[in-house]
Amino acid sequence: MTTNLPLSGIQARTAPMRVLHSAVYRGPHLFSHTPMIRIRLDLGELEAWPSDRLPGLADALLSMLPGLQEHGCSYGTPGGFIRRLREGTWLGHVAEHVALELQTRAGSRVTRGKTRSVRGRPGTYNVLYAYREEAAGLMAGRIALQLLDSLLPPELRGVQGLEELYDSDPMDGGDVKAGLDALARVVGRRALGPTTRSLVQEAERRGIPVMRLDDFSLVQLGHGKQQQRLRASITGRTSSIAVEVAGDKDLTKSLLADAGLPVPRGAVVRSAEAAVQEAERIGYPVVTKPLDGNHGRGVSLDLDNPDAVRQGFEHASRHGRNVIVEQQYRGYDHRILVIGGEVRAVAQRVPAHVVGDGLRNITALIDEVNRDPRRGGGHENMLTRIEVDDHVLGLLAKAGMTLESVPAEGACVALRDTANLSTGGTAIDRTDDIHPDNACIARRAALTVGLDVAGIDFMAPDIRRSVRETGGGIVEVNAAPGFRMHLEPFEGWARDIARPVIDMLFPRGATGRIPILAITGTNGKSTTTRIVAHILRQSGLTVGMTSTSGIWVNDDKVSDADASGPRSARMVLRDPTVEAAVLETARGGILREGLGFDECDIGAVLNVQADHLGLKEVDTLEDLAAVKSVVVESVRREGCSVLNADDPLTLAMERHAGGRIAFFSMRGGGAMPDALRAHIDAGGLAVVNEDGPDGGDIVVHDDRRRLPLMSAAEIPATLGGLAAFNIQNALAAVAMTYAQGVSPPVIRTALQTFSSSFAQSPGRLNVHDAHGFRVIMDYAHNPAGLMALCDLVAKLRPRYGRLIGMISTPGDRRDDDMREMGRIAAGAFDVVVLRERPDGRGRPPGEVMQLLADGVLGTGFPEEHLHRVLDEREAAALCLNLARPGDLVVLTPTSVEEVWAQVLAFKPATVPALAQELA
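> Just checking my understanding: could you explain the overall build of the chain for this structure?
Along the backbone of the chain there are 30 helices and 38 strands. Among the 919 residues that make up the chain, the fraction classed as buried is 55%. In the chain, the share of contacts with a sequence separation of at least 24, taken over all contacts with a separation of at least 6, comes to 67%. Accessible surface, the chain as shown: approximately 37400 Å² in total, 49% of it carbon and sulfur. Averaged over its 102 positive side-chain charges, the chain has a centre that lies 2 Å from the centre of its 115 negative ones.

> When you look at the sheet that holds strand β21 (residues 473-479) in this model, what are you seeing that I'm missing?
If you walk across this open sheet you meet the 5 strands as β19-β14-β13-β20-β21, and the pairing is antiparallel. Strand pairing shows two members of the sheet lacking a second neighbour, β19 (426-429) and β21, which therefore form its edges. Direction aside, neighbouring strands of the sheet carry axes that sit 30° apart on average. Pairing between strand β14 (residues 342-350) and β19: 4 bridges, direction antiparallel. By the bridge assignment for β19, Q348 is matched with I428.

> What exactly am I supposed to notice about the state of the cysteines here?
In protein structure, a disulfide is the covalent linkage between the sulfur atoms of two cysteines. Counted under the stated rule, the structure contains 0 disulfides. As a non-bridged cysteine, C879 has C790 as the owner of its nearest cysteine sulfur, 13 Å distant.

> Help me out: how do you make sense of the pattern of salt bridges in this one?
Between side chains of opposite charge, a pair can form when the charged atoms approach closely. Taken as a whole and assessed by the stated rule, the structure comprises 59 salt bridges. Two residues, R349 and D457, come together in a salt bridge whose shortest N-O distance is 3.1 Å. Here D457 lies in strand β20 (residues 453-460) and R349 lies in strand β14, a separation of 108 residues in the sequence. Exposure class is identical for R349 and D457. Each is buried. One salt bridge connects D817 with R814, and the closest N-O pair in it is separated by 3.0 Å. Of the residues examined, D817 reaches a relative accessible area of 9% and is grouped as buried. Judged by relative accessible area, which is 34%, R814 ranks as partly exposed. Beyond isolated ion pairs, a larger network of salt bridges with shared partners links K249, K253, K289, E326 and E476.

> What is the right way to read the confidence of the model for the chain from this model?
Low pLDDT means the predicted atomic positions in that stretch should not be read closely. For the chain, mean pLDDT is 91; residues scoring 70 or higher make up 96% of the total. Counted against residues more than four places away or in other chains, residues 1-14, with its pLDDT under 50, gives 29 contacts.

> Help me understand the packing of aromatic side chains, please; the structure alone is not making it clear to me.
Working definition: an aromatic ring pair is given by the centre-to-centre distance plus the angle between the planes. This structure, assessed with the given rule, holds 3 aromatic pairs. On the numbers, 6.2 Å between centres and 40° between planes, the contact of Y25 with F31 is tilted. The exposure class assigned to F31 is partly exposed, which follows from its relative accessible area of 21%. Directly above the ring of Y75 sits R83, whose terminal nitrogen or CZ lies 3.9 Å from the centroid.

> Before we go on, may I ask you to explain the environment of M64 in this structure?
Structurally, M64 can be placed in helix α1 (residues 57-64). On the basis of relative accessible area, M64 is assigned to the partly exposed category, the value being 25%. For the pair formed by M64 and K177, sequence separation is 113 residues and the distance between their alpha carbons is 9.3 Å. Among all residues touching M64, those that are not within four sequence positions of it are R105, L147, L151 and V176.

> Got a minute to help me understand the environment of N305 in this structure?
Mapped onto the secondary structure, N305 falls in the loop between β11 (300-303) and α10 (306-317). Sequence separation of N305 and Q227 is 78 residues, and the distance between their C-alpha atoms is 54 Å. Engagement of the side chain of N305 in a polar contact is seen with the side chain of D304, the distance being 3.0 Å.

> Even after reading the chapter, I still don't get the sheet that holds strand β38 (residues 888-891), so can you show me in this structure?
The pairing of strands in a sheet comes from backbone hydrogen bonds and takes either a parallel or an antiparallel form. Spatially, β33-β34-β38-β35-β36-β37 is the arrangement adopted by the 6 strands of the open sheet, whose pairing is mixed. Both outer strands of the open sheet, β33 (766-768) and β37 (866-869), are each paired with one neighbouring strand and no more. Within this sheet the neighbouring strands show an average axis-to-axis angle of 15°, counted without direction. Inspection of the sheet shows strand β35 (residues 803-807) paired to strand β36 (residues 831-835) by 4 bridges, in the parallel sense. Residue pairing for β36: M806 is matched across the bridge by V833. Seen against the sheet, helix α25 (residues 783-796) touches β34 (774-777), β35 and β38 and runs at an angle of roughly 170° to β38.

> What should I look at first to understand the pairing of β35 in this one?
Regular strands show a simple pattern: their side chains alternate between the two faces of the sheet. Within β35, 5 of the 5 residues are buried, which leaves it mostly tucked inside the rest of the structure. A two-sided burial pattern is seen for β35, the buried positions comprising L803, G805 and I807 on one face and I804 and M806 on the other. Here 4 bridges tie β35 to β38, and the two strands are oriented parallel to one another. The residue bridging G805 from the neighbouring strand is V890, located in β38. Since β35 and β36 lie parallel, the crossover through helix α26 (residues 815-828) that links them has a hand, and here it is right-handed.

> Which parts of the structure should I look at to understand unusual backbone geometry?
Glycine aside, residues mostly have negative phi, and peptide bonds are mostly found in the trans state. Of the consecutive residues Y284 and P285, the connecting peptide bond is found in the cis state with omega at -5°. By the secondary structure assignment, P285 is in the loop between α9 (272-282) and β10 (286-290). Of the consecutive residues R837 and P838, the connecting peptide bond is found in the cis state with omega at 10°. Its place among the elements puts P838 in the loop between β36 and α27 (847-857). A positive phi angle, close to 55°, is found at C73, a residue other than glycine.

> What am I meant to see in helix α13 (residues 436-449) here?
Along an α-helix, residues three or four positions apart point the same way, because every turn accommodates 3.6 residues. Helix length check: α13, at 14 residues, gives a terminal C-alpha distance of 20 Å against a target of 20 Å (1.5 Å per residue), a fit within 8%. Along α13, the residues classified as buried are N438, A439, I441, A442, A445, A446 and V449. Down the axis of α13, the smallest arc covering the buried residues is 160°, so these residues share one side. In the segment just after α13, G450 is the residue with positive phi, at about 100°.

Parameters and conventions
Residues numbered from 1 in each chain as written. Predicted model: local features only at pLDDT ≥ 70, side-chain atom pairs only at ≥ 80, totals over all residues. Heavy atoms only, no water. Helix = DSSP H or I, 4+ residues; strand = E, 2+ residues; numbered from the N terminus. Buried < 20%, exposed > 50% of the residue type's maximum accessible area, 1.4 Å probe, protein only. Contact = heavy atoms within 4.5 Å. Areas by Shrake-Rupley, 256 points an atom, 1.4 Å probe, with all protein chains shown as cover. Lys, Arg positive; Asp, Glu negative; His and termini not counted. Charge placed at Lys NZ, Arg CZ, Asp CG, Glu CD. Pairing = 2+ DSSP bridges. Axes fitted to C-alpha atoms, helices over the stretch in contact; angles between N-to-C directions. Disulfide = S-S within 2.5 Å. Salt bridge = Lys/Arg side-chain N within 4 Å of Asp/Glu carboxyl O. pLDDT = per-residue confidence, 0-100. Phe/Tyr/Trp six-rings, centres within 6.5 Å; stacked < 30°, edge-to-face > 60°. Lys NZ or Arg CZ within 6 Å of the ring centre and 35° of its normal. Polar contact = N/O pair within 3.5 Å; in protein donor to acceptor, adjacent residues only side chain to side chain. Right-handed = clockwise from strand over helix to strand, strands pointing away. Expected span 1.5 Å × (residues − 1). Arc of directions from axis to C-beta.

Structure, rendered in structure tokens:
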């Protein structure tokens, strides 16, 4: 790195640091398996100013964010990143580490990141860093760049494009503390609380997939039919009746008493005088509390006279009209946690209090307690800050004190009657101390109410002795008990209470996963996806499928939009009926936000061919292969990656693909390549098409066994073995389903019933013969796809008169690709009809057709046989009206459903004026 240069040497600049765009990756992506935020950052002239040329930068960052000292960076040890800063590194890399540290400081710890230069664009970087809460991650990126910008010399400041990350300024014009506070608030709003977080972490440790379903704490563990849901400690198995019972304290007490369990005597009242009468009946001291309250709200203890009872009633009635007056047990307040009918943790709860030092007043002592980093607002921290309110003031007044009082050294001053953590209380672990009788009482209470997870509030003078001897018993039974007092008690051992909950929901060995089979490639994805889904359905599974034509669960169409992206994948994985997911996985979704799943059982890459090049920085076939490879790189260790052995780019993915490798190839038998032969000889899995009549034979090779499956011609979708591309799609589907464990007889039967009908495979080699001529409709939208279709057309030529083709391609393809489409069409058809809409994608009207026409006419194709029609529907009508008996019409539409309906409704007698003129 260079040495420091004097800042006076900086020239006025014209290119400030600028955010070009950002992306949020929610699943495995091109750069990592970890969900990350990506910032495309143009450093401008700051490319010439690495960190070692900016004196004081490292020290300034450390003073603001001391935690950066712990970042190991490439050195792998604490202090590694600071070393890099002093040696010299570019500001994109610095922003990555600052964004990570900002999130960690705000309470959302993340550690993984990477920064890479963008090929062919000097000074431009992809800055990537992990996140837990999406909004917090984006805000951290903005603050990181603003913070760095504020530390630069004035001549180098002026970062632009920050709204790409977060649309408002969390730093309030440059105030770092304001930015940190804003980030902490976002984390506090979005982060899971201690209970839910502990359950999610245990599920993740077990390899159970986690999906957050809302902005709060509703979480899905597992996929499809294997899923379980929870919100905090309420699980999908928690009885709603049990929750209602627990919410009615009087009913709960009645049920427990009927079960022979110790509960305090008392009654429900609706007036202060009735409360006094009940207190007189059962004897002082008494407790008053709302009938359906929680978290200790509205509870008053040690009421030993009528006036105190009246005040207690008024306090409780603010939270509900029905108030319980009951006998007060003497002893210590305990929370006994029962999970699945077993006692798993016990905590003694201590009410909020301060201990005097003889010097400071109560206000100062409360401030000292609240400085404990474990304390926070609400439930997001392990402890809650003590808040001063009327109840605290009243309790102090009862003791003859105020906030200005200075307690003697060692004097304990109670600030709350109740020992809830939510009001500033603390907990002492007593799990190992509980007497068996007390544990039995708590366990039976949970079972009596019917809760799978229950918090039993239990008063006992000594938890080590039976309350049947000492007095005491059950005060309340709580649904949705909080775990934080057991996870991180103020004193004593922390208890692993998330594990028994997850064990209850997912017995040992269960992962909550369903088979996920993901298919990508340039061509053939939709058909292969449908074949795989058809085979799995034949095996008896309920299949969720995503494809470019929609989302399906068996025969139910859930959505009819293009559903080949991650959002659609997640929709299928959330469906509680789905037993297997078959997911068409397109390039666009991977680039936009990554995969819609963390890992798959079977991943397949069918081919890598020229399409979408020049879009979203995918400029070469190698770039495209890297994107497609994300699917097989996400195959789990016990899974299988299925690769096309006939495609060099997919063949090369073997090095990075996960799980077992399976190949498929159209070159079986004597034409088999050496590499494929070696794979088979080594016992590898391969599915090949061997030479033979009518498209050859499909053969499975596995563990050095040769397993003939069927003739390709037996598959209706191959049109008697003529459609080579559908044979290839079938080979991939066989490899995937065989690797998934489907038996060969089931695979064979399913393939024998898979046709290219519109019902089974819309827009993919659909055939219609009702008008005296044959119509083939297929979504051949790129040169490789059209070439495969035209290969079939060439085989069919001897059977038909004229060949008429409607051709187009999306307007965002390269000019050369459009001309190539025209050249291919010219070699296959006698009459070519070019159309454009509805897929112009921003090009001026007519430009796509002109480029296609350049390719057609460049081959010497007769201009009088070339027709141009902007609108797809009109172009299809022209093709149909030009056809004579015995002709073959090939349509390649964008709107497949509309054009298919047009084909079915066509009446040859209806000849538009344009067709008459052309005829």
